[in-house]
Amino acid sequence: MSTGPRFMLPCARRVSGGLREGLPRLPERSTKRLISLKSLFAPPPPSGGDAAAGAKPRVLVKQDDLFHQLSKSPIKEMRQKGLLIQEHGCCPTCVHETSANAGQAATREPLFECPDCGYPTHCSASHWAADKIRHSEQCGYLRESNEDEHDLRSGRTLREFEFPSAQLPEVVVNFKSWDTFLYTRSFTNVESARAMRHVSKVLTYPVTIGATLHQYSPFTLGSGLTPEGLKSMTALRTTIKEHELARSEKELQMQQMPLRIFVLGARAEAMLPPHLYLQLSYLLPSSSMMVYFVGPESIPTADETRSTIAVSPRLALKYHKGYFHDVIWNFAPFDPFTDVFFLFSPGLGHPKGRAGWQPTVEKLLETKCPIFATGFHQEDMDGDVAALTEDFGGEMDWLLKPQANPFASLKRDFGIRNLSEWAIANWGIYGFRGKRYEVQRK
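The model shown is predicted, which means the values in this text are computed figures rather than measured ones.

### Observations regarding the nonpolar core
In this structure, Phe 181, Leu 203, Leu 213, Ile 261 and Phe 293 are the most contacted members of the largest nonpolar core, which totals 58 residues. Where this core is concerned, the elements lending two or more residues are helix H5 (178-184), helix H6 (193-213), helix H7 (227-245), strand S5 (259-264), helix H9 (278-283), strand S6 (289-294), strand S8 (315-320) and strand S9 (339-343). Looking at this core, the element that brings in the most residues is H6, giving ten residues. Setting aside residues no more than four positions away along its own chain, Phe 293 makes contact with Val 263, Ala 266, Glu 269, Ala 270, Tyr 277, Ser 298, Leu 317, Lys 318, Tyr 319 and His 320.

Below is the structure:
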């Protein structure tokens, strides 16, 4: 007889429900109050008497004039970005020549700005012309990024960041895509592809978590979820259902354990405005949640002494600066019915990060709790999956097969050192868990 796991999951039963499309336009009363992020990107207010209350914001760039070469941008931050690229980047034509000549040629800074995308891409016009075919693969995306960044800092009122609040209980959220999600959640101010890119960039983290846990999740049997994954998700959704049933009974509410969502290796997701995670709370309105951001770069605010932020009566954010395998005893014991882990683009297979992640993954597998991770693009995700399989293949079960994430950011980000390298936050997603060993009777 083999030894059973410390945490046993219940027998799997399929959670009923599915995607619902064709819903009518939601009434205005479904939005109780607005949550605005527009101050994040607005230009700083003028000093002195010009900052009088009620003064209109100063528009730096008009909507029909968003494209500018970075060195000639009317926005200081964009000019500084161009200087950073020139300082730390390199000309790809020079790099190619250096490789072809066995390291004999010199690599020069990208001082020449592409007239089509506005970024400093090459050291000279001749090298830009010689590399135009290869550069054309990214040029359109770079121009799109150029215009998006100018739009965010243009000084206009960013109405797309006025987010809806709590959902009416009779309205079902559709998780098929960003379009259906924003429609059924009454994001009425998202009216263009550019606004979609802005919003998806900041909402990809809370919505990816919510879409994974929700009973109407797009990840189902036949759509990537494995039988073992269904067992783990059934355990978590059982707790969520108990929260719903206990909502009308105060005594029962006091007895319920909150969901604990651990975000390991937290970086950008830990530095988002805390109230942004209310969008996660609105997707699971009956559940109390504690979101733990754990990692050496987990810094919530300028005041690092604030390790806990109570966002609402049902949502708290906690920040732990350090490695999970070093601080694990701050969170133990773990329960597969209440605990879930997310690793956003962790780089498990990256040569510089693989060894550092191994002790953390080893501890994660011991919890027997579900673990979901994302990747920047197909190659990044494939590398992480291959590293997991090679290092821990015999110790884990797959919960969610690697696939594209419907709630990935719609915006491409480019590296300062190499503009040909790009990343999309949470482009792909997959899930795994420590292997369970069933007790067998002879």
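### Comments concerning the environment of Asp 335
Along the polypeptide, Asp 335 turns up in the loop between helix H10 (324-327) and S9. The class for Asp 335 is partly exposed, based on a relative accessible area of 31%. It is 9.6 Å that separates the C-alpha atoms of Asp 335 and Ala 235, two residues lying 100 residues apart in sequence.

### Quick notes on the packing of aromatic side chains
Under the definition given, this model contains 26 aromatic pairs. Plain terms: the ring middles of Phe 181 and Phe 407 are 5.7 Å apart, the flat faces sit at 75° to each other, and that makes the pair edge-to-face. Separated by 226 residues along the polypeptide, Phe 181 in helix H5 and Phe 407 in the loop between strand S11 (396-404) and strand S12 (413-414) bring together distant segments of the chain. Judged by its relative accessible area of 0%, Phe 181 is buried. On the basis of relative accessibility, which here comes to 0%, the residue Phe 407 falls in the buried class. Geometrically, the ring pair formed by Tyr 292 and Phe 331 is edge-to-face, given 5.4 Å between the ring centres and 70° between the ring planes. Here Phe 331 lies in the loop between H10 and S9 and Tyr 292 lies in strand S6, a separation of 39 residues in the sequence. When its relative accessible area of 8% is taken as the criterion, Tyr 292 is described as buried. Accessibility expressed as a relative area gives 3% for Phe 331, which makes it buried. Connected via pairs of aromatic rings, a cluster forms that spans Phe 161, Phe 163, Phe 175, Trp 178, Phe 181, Phe 187 and Phe 407. Across the ring face of Phe 67, the terminal group of Arg 143 is positioned such that the distance to the ring centre comes to 3.9 Å.

### Structural notes on the environment of Thr 308
Looking at where Thr 308 falls in the secondary structure, it is placed in strand S7 (residues 308-312). The sequence separation of Thr 308 and Met 290 amounts to 18 residues, and the corresponding C-alpha distance is 9.8 Å. Among all residues touching Thr 308, those that are not within four sequence positions of it are Leu 317 and Lys 318. Separated by 3.3 Å, the side chains of Thr 308 and Lys 318 make a polar contact.

### Some thoughts on helix H1 (residues 76-88)
Compared with the 18 Å implied by 1.5 Å per residue over 13 residues, the 19 Å span of H1 between its first and last C-alpha is a close match. Along H1, the residues classified as buried are Met 78, Gly 82, Ile 85 and Gln 86. Taken around the axis of H1, the buried residues stretch over an arc of 100°, which confines them to a single face. The exposed set on the far side of H1, more than 90 degrees from its buried face, consists of Lys 76, Leu 83 and Glu 87.

### Quick look at the side chain of Thr 239
Along the chain, Thr 239 falls in helix H7. Given the relative accessible area of 5%, Thr 239 is considered buried. Ignoring anything within four residues of it in the chain, the contact list for Thr 239 reads Met 257, Leu 259, Phe 337 and Thr 338.

### Brief notes about the confidence of the model for the chain
With 81% of its residues at a pLDDT of 70 or more, the chain has an overall mean of 84. In this model residues 1-33 is a low-confidence stretch, pLDDT under 50, and it forms 77 contacts with partners more than four residues away in sequence or in other chains.

### Points about the pairing of S7
Bridge analysis of S7 against S8 gives four bridges, and the strand direction is antiparallel. Looking at S8, one finds that Ser 312 is bridged to Leu 315. What sits between the antiparallel neighbours S7 and S8 is a turn of two residues.

### Some remarks on the side chain of Ser 287
In this fold, Ser 287 is placed in the loop between H9 and S6. Take Ser 287: its relative accessible area is 1%, and that puts it in the buried class. Among the polar contacts made by the side chain of Ser 287, one reaches the side chain of His 243 at a distance of 2.9 Å.

### Here we look at the pattern of salt bridges
Going through the model one piece at a time under the given rule, you end up with 19 salt bridges. Glu 147 serves as the salt-bridge partner of Arg 194, at 2.8 Å between the closest nitrogen and oxygen. Taken as a pair, Arg 194 in helix H6 and Glu 147 in helix H4 (residues 132-152) lie far apart in primary sequence, 47 residues in all. The same class applies to Arg 194 as to Glu 147, namely buried. Taken together, the shared-partner salt bridges connect Arg 143, Glu 144, Glu 147, Asp 148, Arg 194 and Arg 197 into one network.

The rules behind the values
Residues numbered from 1 in each chain as written. Predicted model: local features only at pLDDT ≥ 70, side-chain atom pairs only at ≥ 80, totals over all residues. Heavy atoms only, no water. Core = buried A, V, L, I, M, F, W, Y, C linked by side-chain atoms within 4.5 Å. Buried < 20%, exposed > 50% of the residue type's maximum accessible area, 1.4 Å probe, protein only. Helix = DSSP H or I, 4+ residues; strand = E, 2+ residues; numbered from the N terminus. Contact = heavy atoms within 4.5 Å. Phe/Tyr/Trp six-rings, centres within 6.5 Å; stacked < 30°, edge-to-face > 60°. Lys NZ or Arg CZ within 6 Å of the ring centre and 35° of its normal. Polar contact = N/O pair within 3.5 Å; in protein donor to acceptor, adjacent residues only side chain to side chain. Expected span 1.5 Å × (residues − 1). Arc of directions from axis to C-beta. pLDDT = per-residue confidence, 0-100. Pairing = 2+ DSSP bridges. Salt bridge = Lys/Arg side-chain N within 4 Å of Asp/Glu carboxyl O.

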